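What follows is each chain in one-letter form.
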Amino acid sequence: MPKVNPTPLPLSAADLENLRESGLTEATIRLARLRTEGGALVFPYFDLDGTVNCFARRRPHNGKPAKYVQPPGSPVRAYRAPATLAKLRDCKSDVYITEGEKKALALSQLGFASVGLGGFWSAYQPGTKELIEDLASIVWAGRTVYIVFDNDAKPQTRRDAEAARRRLAGVLRRAGAKAHQVYLPGGADKQGVDDFIVARGADAFRVLVERTKSKANESRFTAAQLMEMDLPEPLCIIPGIIAEGLNLLVSRPKMGKSWMAFAICIAIARGGTVLGNVQVEQGDVLYLALEDNRRRLKNRLAKLLAGEAAPESLTLWTICPRMDEGGVEEMQKWIDAADDPKLIVVDTLAKIKKRGTKQGDRYAEDYEDVGQLKALADDNDLSIIVNHHVRKMQGDDILDEVSGTIGITGAADTILILKRERGQHDACLHVTGRDVDEREIGLKWDAQSCQWSIMGLADTLRMSAKRQMILDTLRAEGPASPKELAAILEWEENNVKQLLFKMRKDGQVKSNSGKYEACNDNPDNPVTEPGEDER
């Protein structure tokens, strides 16, 4: 019998080429009922029973970068690939959520039950945290869900997509699903799951999924496999200071670390700046103020807010079980319920760590306690700050000053030690960790606002102080030689000479017959220029 030519696809040549670039087959295109109409590529939407509903999105042919539009005034919708509607109705099937119709169709060709969002924030009813009807109609309880968003070349878009992933994962977990995130490899250009499958093949995508499924695959790999992995950058709560993972904030009692931690909580919960002028991204925050009561917390909150509205994204607990009594599980419940959990602050470690035993191994107990909090941070891709105290005696290494055994510092990712003389407003924050550069940061305390602000690197502050001491001495004693200054200040003469040379170059001092004297104050010549080495 002669072959019968099938009905031609109702698509323009350009639209057909575009769909084939996404790897879509003719069978997939026909089943999805894609067509060219009115100068646009049309994507009809399907109900769960397989019928075409009255909604469609369109990709206009206007010569501009591809933008998808929908009927004016229509609600936010999610695209359910027609080939896998039966699996979407089956509550035992895994579901893949991605961005857009073409990507959902590309996944459906591999047999995955797929849903395409119009954008990574398009899963919710406008102005709410409730899923749109197309998603709410799917039974999520007991399912495993994989979120496969695009890997964008723009850093800010990647950060936004990561926040959207976390929020969606939290909503789906509250609905009873197990939510995982599949990360596509990055590159110079934006890449969606359809691009990845076309470039690397279906098996390569299945490998990504298998890696996501198995924790063993995430923790056991060859060096070659590691170099092939595209791993997201650690989340930085405060750039260069507090990164993703477990952070210890340590000081003597009543030095202001609780004020600092509370201010960080508020800044992140509402978005804005902290420590003077450091920009932070908004997210959900849990503050375990375990040494405070409601009255004291309210007074402190009012002081730090300075008349602004209290952020809804900040949750406060004054009581939490110890870690061996369900404390970690309680924090995990909060994480699962939050839209975009970014930070947990525990004030203090002593209030939540399990009680020690006389016969126990203190190092092992300390490491286990801090390790549980680190695991909580790592498993949920967020930051945890734990307030802790220093020991009374100073050590040869600054980390030796942290109270407890080295099991505490050994398990933490970042250690921040706040040091200031009692009664003084200036302080030094020593920072060391796995994902931050070791540094000393100068801080200034404002007793009026109860806020800390960054003054600069502590090295820079010391330089400024040395210059100021020389200027003060010259103004008090009159012109002096480097040798005379060194004797008065009890410094090395060569160091004094080097610093005087720089100060003369900056117009802060002048010399005559080997004697130096202070110039008149000049606002254009600051006492310190960042980056000089005058130690």
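In the block above lies the structure referred to throughout.
First, a word on scope: everything that follows refers to the structure included in this document.

What counts and how
Residues numbered from 1 in each chain as written. Predicted model: local features only at pLDDT ≥ 70, side-chain atom pairs only at ≥ 80, totals over all residues. Heavy atoms only, no water. Axes fitted to C-alpha atoms, helices over the stretch in contact; angles between N-to-C directions. Helix = DSSP H or I, 4+ residues; strand = E, 2+ residues; numbered from the N terminus. Parallel < 35°, antiparallel > 145°, perpendicular 65-115°, else oblique. Contact = heavy atoms within 4.5 Å. Nonpolar A, V, L, I, M, F, W, Y, C, P; charged D, E, K, R; others polar. Core = buried A, V, L, I, M, F, W, Y, C linked by side-chain atoms within 4.5 Å. Buried < 20%, exposed > 50% of the residue type's maximum accessible area, 1.4 Å probe, protein only. Salt bridge = Lys/Arg side-chain N within 4 Å of Asp/Glu carboxyl O. Pairing = 2+ DSSP bridges. Right-handed = clockwise from strand over helix to strand, strands pointing away.

Topic: the packing of helix H7 (residues 193–200) against helix H8 (residues 202–213)
Helices that pack against each other are described as a pair by the angle of their axes relative to one another and the distance between those axes. Look at H7 against H8: their axes get within 6 Å of each other, and the N-to-C directions meet at 120 degrees. The orientation of H7 with respect to H8, classified from their angle, is oblique. Residues Val193, Phe196, Ile197 and Arg200 of H7 pack against Ala202, Ala204, Phe205 and Leu208 of H8. In terms of residue class, the contact of H7 with H8 is made up of seven nonpolar, no polar and one charged.

Some remarks on the nonpolar core
Counting residues in hydrophobic clusters, the biggest one holds 46 residues, and the most contacted among them are Ile97, Leu131, Leu135, Trp140, Leu168 and Leu172. Looking at which element gives the most residues to this core, the answer is helix H6 (residues 155–174), with six residues. Ile242, Leu275, Ile385 and Trp452 belong to the second largest nonpolar core, which has 43 residues in total.

Some details on the environment of Leu19
For Leu19, the position within the fold is in helix H1 (residues 13–21). Between the C-alpha atom of Leu19 and that of Ile29, which follows or precedes it by ten residues, the distance is 8.1 Å. With residues up to four places along the chain from it excluded, the contact list for Leu19 reads Leu11, Leu24, Ile29, Leu34, Leu41, Phe43 and Lys102.

Thoughts on the pattern of salt bridges
In the structure shown here, the tally under the stated rule is 20 salt bridges. Notably, a salt bridge pairs Arg30 with Glu26, separated by 3.1 Å at the nearest N-O pair. Note that Arg30 and Glu26 are positioned in helix H2 (residues 26–32) at a spacing of four residues, about one turn of the helix. For Asp378, the salt bridge is made with Lys374, and the minimal N-O distance between the two is 2.9 Å. Within this pair, Asp378 and its partner Lys374 are both found in helix H14 (residues 362–380), separated by four residues, close to a single helical turn. Residues joined by salt bridges that share partners form a network here, namely Glu162, Arg165, Arg166 and Glu244.

Focus on the pairing of strand E5 (residues 95–99)
Burial of E5 is extensive: five of the five residues sit out of reach of the surface. A two-sided burial pattern is seen for E5, the buried positions comprising Val95, Ile97 and Glu99 on one face and Tyr96 and Thr98 on the other. For E5 and strand E6 (residues 113–117), the ladder comprises five bridges, and the chain directions are parallel. Each bridged residue has a counterpart across the sheet, and for Val95 the counterpart in E6 is Ala113. Each parallel crossover has a hand, and the one from E5 via helix H4 (residues 101–109) to E6 is right-handed. Taken together, the four bridges between E5 and strand E7 (residues 144–148) define a ladder with parallel strand orientation. Residue Val95 lies in a different strand from E7, and its bridge partner there is Val145.

Quick look at the sheet that holds E7
Spatially, E4-E6-E5-E7-E8 is the arrangement adopted by the five strands of the open sheet, whose pairing is mixed. Of all strands in the sheet, those bounded by a partner on one side alone are strand E4 (78–80) and strand E8 (178–181). Direction aside, neighbouring strands of the sheet carry axes that sit 25 degrees apart on average. Looking at chain direction, E4 and E6 are connected through three bridges and run antiparallel. The residue of E6 that forms the bridge with Arg80 is Val115. Along the sheet, H6 makes contact with E5, E6, E7 and E8, crossing E8 at roughly 165 degrees.

Some thoughts on the sheet that holds strand E2 (residues 40–46)
Here we have three strands laid out as an open sheet, ordered E1-E2-E3, and antiparallel in their pairing. Two strands in the sheet have a free side with no partner beyond their single neighbour: strand E1 (35–37) and strand E3 (52–60). If you compare each strand with its neighbour and ignore which way they point, the axes differ by 40 degrees on average. On the sheet, H1 packs against E1, E2 and E3 and is oriented at approximately 55 degrees with respect to E2.

Considering unusual backbone geometry
A cis amide bond links Asp347 with the next residue in sequence, Thr348, at an omega value of 15 degrees. Residue position: Thr348 is located in the loop between strand E16 (341–347) and H14. The backbone of Arg33 sits at a positive phi, close to 60 degrees, despite the residue not being glycine. Considering the arrangement of structural elements, one finds Arg33 in the loop between H2 and E1.

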